[in-house]
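Spelled out, the chains give:
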Amino acid sequence: MSAPHIPPGAGAPDPVHLRIDAALHQLADLGGDLVGHANRIGAILWSPPRIVVVGRLKAGKSTLVNALIGAPVAETAALEATTVVTVYENGAPSRADVVLTDGTRRPVPLALGTTASLDVPDTAVAYVHRFVPSHALSAITLIDTPGLATLTAANAATTERALIDGFEQTRAASVDADAAVFLFDSMPRTDEVEFLQRLGFTPLNTLGVLSRADSFGRGVLGGRDPLTHAADHATVLAPRLSGHVGAVVPVAGLLAQTAHTGVFTDADARALAALAPVTPLELFDLFDADPAALPVPREQVWRLLELIGEYGLVHARAHAAGGAHQVNHWLSEVSGIHPLRAVLEQSLRRFAVLQRAGRILTELDALAYSHPARDHIRQIVSAVRTDPALMPVELMRALRSLLQADPIAPAVQELTQVLRGTTAAESLSIDPAASPKQIHAVAQERLVAVQVQSLSTRSAAEDTALAALTHAYTIIARGR
Ligand SMILES: Nc1nc2c(ncn2[C@@H]2O[C@H](COP(=O)(O)OP(=O)(O)OP(=O)(O)O)[C@@H](O)[C@H]2O)c(=O)[nH]1
Ligand SMILES: [Mg+2]
């Protein structure tokens, strides 16, 4: 088996990766076709986590994807809706394949930008696989999806078909996402939340994004600054949505896209500077003004509006004297893209890795079930499963099934708490300065409590959850 390819920017490999990798080497040592299986599963293990961006029509998904990638690769024109699921993965040269629902692939000529010329109806397309050389994509793979709306049930079906294992399709045509970013621009609607639930993520690997923060509330001419207003609203929404998303981050994707894709030029900065003396109210009257009276050509004002929106037009003027560089810096800072990236690459990534590892265990189980060398494989798989390093994977799997079976079961909170903790004390939600002896005592108490709960469970998923908690507390009590 070849050496693991550790994605750059991914940091040191974690114990979960290392333990599964060791098991894959044991699998490959059994020889024959298992070498190929080990390599295939190893490639999944070591590739960056796949984060899917979902939300209603025109929520700003493709704009955010471009901002994160740092290149205008996803279609965002006002009249052009995204109609196929697109996977953006780090790779050179820049190219795209269309993956059909039967799992076959065909290259797409890139100049066309869409799959319209392919002679394939959208319904036959599972997803488009786009390779872009991008540093940002070395840590995470991004998946853009068609927007959800009651009027476009077909879009929701397209997204579901590509995302949900075994949904009217072969495994080969599934994009296998490990985490989700859920975009909404005020309060998510019930049908959006229901859709999100069907995707089968947990709040730990789902991030809420309050999008278009620059036009939040009454916009730039309203009484409150839209960005501050959006930040306050995100704080109010987070606890209300905690059953679905781990956090809510406000983002102005348009400002971030412009700042990070190199489209804003010094000529734009000069035009913006020329508009500096105009009052905000007069700024929006310019579109109706006599062209001869305009400080800059009308098309230039339209262009600025497209690049930086109304909020940018009003507030970026103060930075225009410093040229495109300074405007871009300001746009990037106020857009909220940096806090978003930090969540994506840290906590969301951490739980995405756990969900991915769970999927790999399922693949290994399938192999142990069907392969002639099943006895050897079973030994390898059961040793991995019971390894303390894999305890968080087991907890995550238990949480996923419990959320599907019985989302209000008390063990949901407990599993979430143990998983969120990065130390034993945090997992037990006790004083971070607790001594090993205190940690041991609390873990023992929790073990007893779990045993009591096990006497009257409501579902098989709850049994599994309590077994996972027992395993976790036993490891914590031993001092991990
Ligand atoms: N002011 C402002 N406009 C935005 C922002 N993000 C997106 N837009 C605009 O909203 C429109 C839709 O953006 P897209 O990124 O295409 O939205 P989408 O969710 O991908 O849309 P669909 O693929 O059709 O569902 C475009 O005209 C964007 O310029 C933002 O943060 N602020
Ligand atoms: Mg789109």
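Throughout, a residue's number is its position along its own chain's written sequence, starting from 1. All chains are assigned letters beginning with A, and all ligands numbers beginning with 1, in the order in which they are written. Given that the model is predicted, a residue must reach a pLDDT of at least 70 before its local features are reported, and side-chain atom pairs must reach 80 or more before they are shown or counted; all residues, however, enter totals for whole chains, interfaces and linings. Only heavy atoms go into the side-chain values, all of them from the structure, while hydrogens and water stay out.

In the annotation of an unreviewed UniProt entry, the entry for the protein reads 50S ribosome-binding GTPase, and the organism field reads Rhodococcus pyridinivorans.

**Details of the overall build of the protein**
Counting from the N terminus, the helices are the DSSP runs of H or I reaching at least four residues and the strands are the DSSP runs of E reaching at least two. Along the backbone of the protein there are 18 helices and 9 strands. Burial here depends on accessible area, computed with a 1.4 Å probe over protein chains only, as a share of the maximum for the residue type. Under 20% is buried, over 50% is exposed, and the range in between is partly exposed. Out of the 480 residues belonging to the protein, those deemed buried represent 50%. Pairs of residues are marked as contacts when any of their non-hydrogen atoms sit within 4.5 Å. By sequence separation, contacts in the protein at least 24 residues apart represent 74% of the contacts at least 6 residues apart. In the form shown here, the protein has an accessible surface area of approximately 21400 Å², with 57% of it arising from carbon and sulfur atoms. The protein chains shown are the only cover counted for residues, whose accessible areas, like all others here, come from Shrake-Rupley with a 1.4 Å probe.

**Re the sheet that holds strand 4 (residues 105–107)**
Sheets are built from strands that pair by backbone hydrogen bonding, the pairs being arranged parallel or antiparallel. In space, the 9 strands of this open sheet follow the order 4-3-5-2-6-1-7-8-9, with mixed pairing throughout. Looking along the sheet, the strands with just one partner apiece sit at the ends: strand 4 and strand 9 (248–250). Shown here is a sheet whose adjacent strand axes are inclined to one another by a mean of 25°, direction ignored. In this sheet, strand 4 lies alongside strand 3 (residues 95–100) in antiparallel orientation, the contact comprising 3 bridges. Bridge pairing in strand 4 places V98 opposite R106. Sheet strands in contact with helix 6 (residues 226–240) are strand 7 (179–184), strand 8 (206–210) and strand 9, and its direction is about 170° off that of strand 9. By this definition, two strands are paired if DSSP reports at least two bridges between them. Where helices are involved, their axes are fitted lines through C-alpha atoms of the stretch in contact, as for all axes, and angles between N-to-C directions lie from 0 to 180°.

**Some points on the site of ligand 1**
Throughout, near means a residue has at least one heavy atom within 4 Å of the molecule or strand. By nearness alone, 17 residues border ligand 1, and K61, T63, T82, R212 and D214 come closest of all. For the purposes of these results, a polar contact is taken to be a pair of N or O atoms within 3.5 Å, where, inside protein, one atom must be able to donate a hydrogen and its partner to accept one; residues adjacent in sequence count only when each atom of the pair is a side-chain atom. One of the side-chain nitrogen or oxygen atoms of K61 is found 2.7 Å away from an oxygen atom of ligand 1. For ligand 1, an oxygen atom lies 2.5 Å from a polar atom in the side chain of T63. Contact with the protein chains covers 89% of the free accessible surface of ligand 1, which is 650 Å². Within the residue set of the shell around ligand 1, elements represented by two or more residues are helix 3 (61–69) and helix 7 (253–260). The leading source of residues in the shell around ligand 1 is helix 3, at 3 residues. Side-chain classes are defined by residue name, with Ala, Val, Leu, Ile, Met, Phe, Trp, Tyr, Cys and Pro counting as nonpolar, Asp, Glu, Lys and Arg as charged, and the others, Gly among them, as polar. A per-class count over the shell around ligand 1 returns 6 nonpolar, 7 polar and 4 charged.

**Points about the side chain of Q300**
Structurally, the position occupied by Q300 is in helix 10 (residues 298–315). Apart from residues lying up to four places away in sequence, Q300 is in contact with D268 and A271.

**Quick word on the packing of helix 3 against helix 7**
Interhelical geometry of helix 3 versus helix 7 gives an angle of 35° and a closest axis separation of 8 Å. When the axes of helix 3 and helix 7 are compared, the crossing they make is left-handed. Contact residues: T63, L64, N66 and A67 in helix 3; G253, L254, A256, Q257 and H260 in helix 7. A class-by-class count of the residues in the contact of helix 3 with helix 7 yields 4 nonpolar, 5 polar and no charged. It is the rotation of the near helix from the far one that decides the hand of a crossing: anticlockwise by less than a right angle makes it left-handed, clockwise makes it right-handed.

**Thoughts on the pattern of salt bridges**
When a carboxyl oxygen of Asp or Glu lies within 4 Å of a side-chain nitrogen of Lys or Arg, that pair is called a salt bridge. Enumeration according to the criterion identifies 14 salt bridges in this entry. In this structure, R359 and D176 form a salt bridge, with 3.9 Å as the shortest nitrogen-oxygen distance. Here R359 is found in helix 12 (residues 337–370), whereas its partner D176 is found in the loop between helix 4 (153–163) and strand 7, with 183 residues between them in sequence. By the burial criterion, R359 is buried, and D176 matches it. One salt bridge connects R359 with D178, and the closest N-O pair in it is separated by 2.8 Å. Taken as a pair, R359 in helix 12 and D178 in the loop between helix 4 and strand 7 lie far apart in primary sequence, 181 residues in all. Neither R359 nor D178 differs from the other in exposure class; each is buried. The structure contains a network of salt bridges with shared partners spanning D176, D178, R356 and R359.

**Description of the nonpolar core**
By size, the foremost hydrophobic cluster in this structure holds 58 residues, and its most contacted members are V248, F264, L272, L283, F284, I308 and L313. The split into domains, and so the bounds of each, comes from an automatic or database assignment of domains. Residue assignment places this core across two domains, with domain 1 (50–201) and domain 2 (258–335) each supplying three or more. The residues contacting L283, other than those within four sequence positions of it, are L275, V278, L313, V314 and R317. Counting 57 residues, the second-largest nonpolar core is a separate cluster that includes A23, I377, M396 and L419. Within this scheme, the nonpolar core is defined by two criteria: the residues are buried Ala, Val, Leu, Ile, Met, Phe, Trp, Tyr or Cys, and they are joined through side-chain atoms within 4.5 Å.

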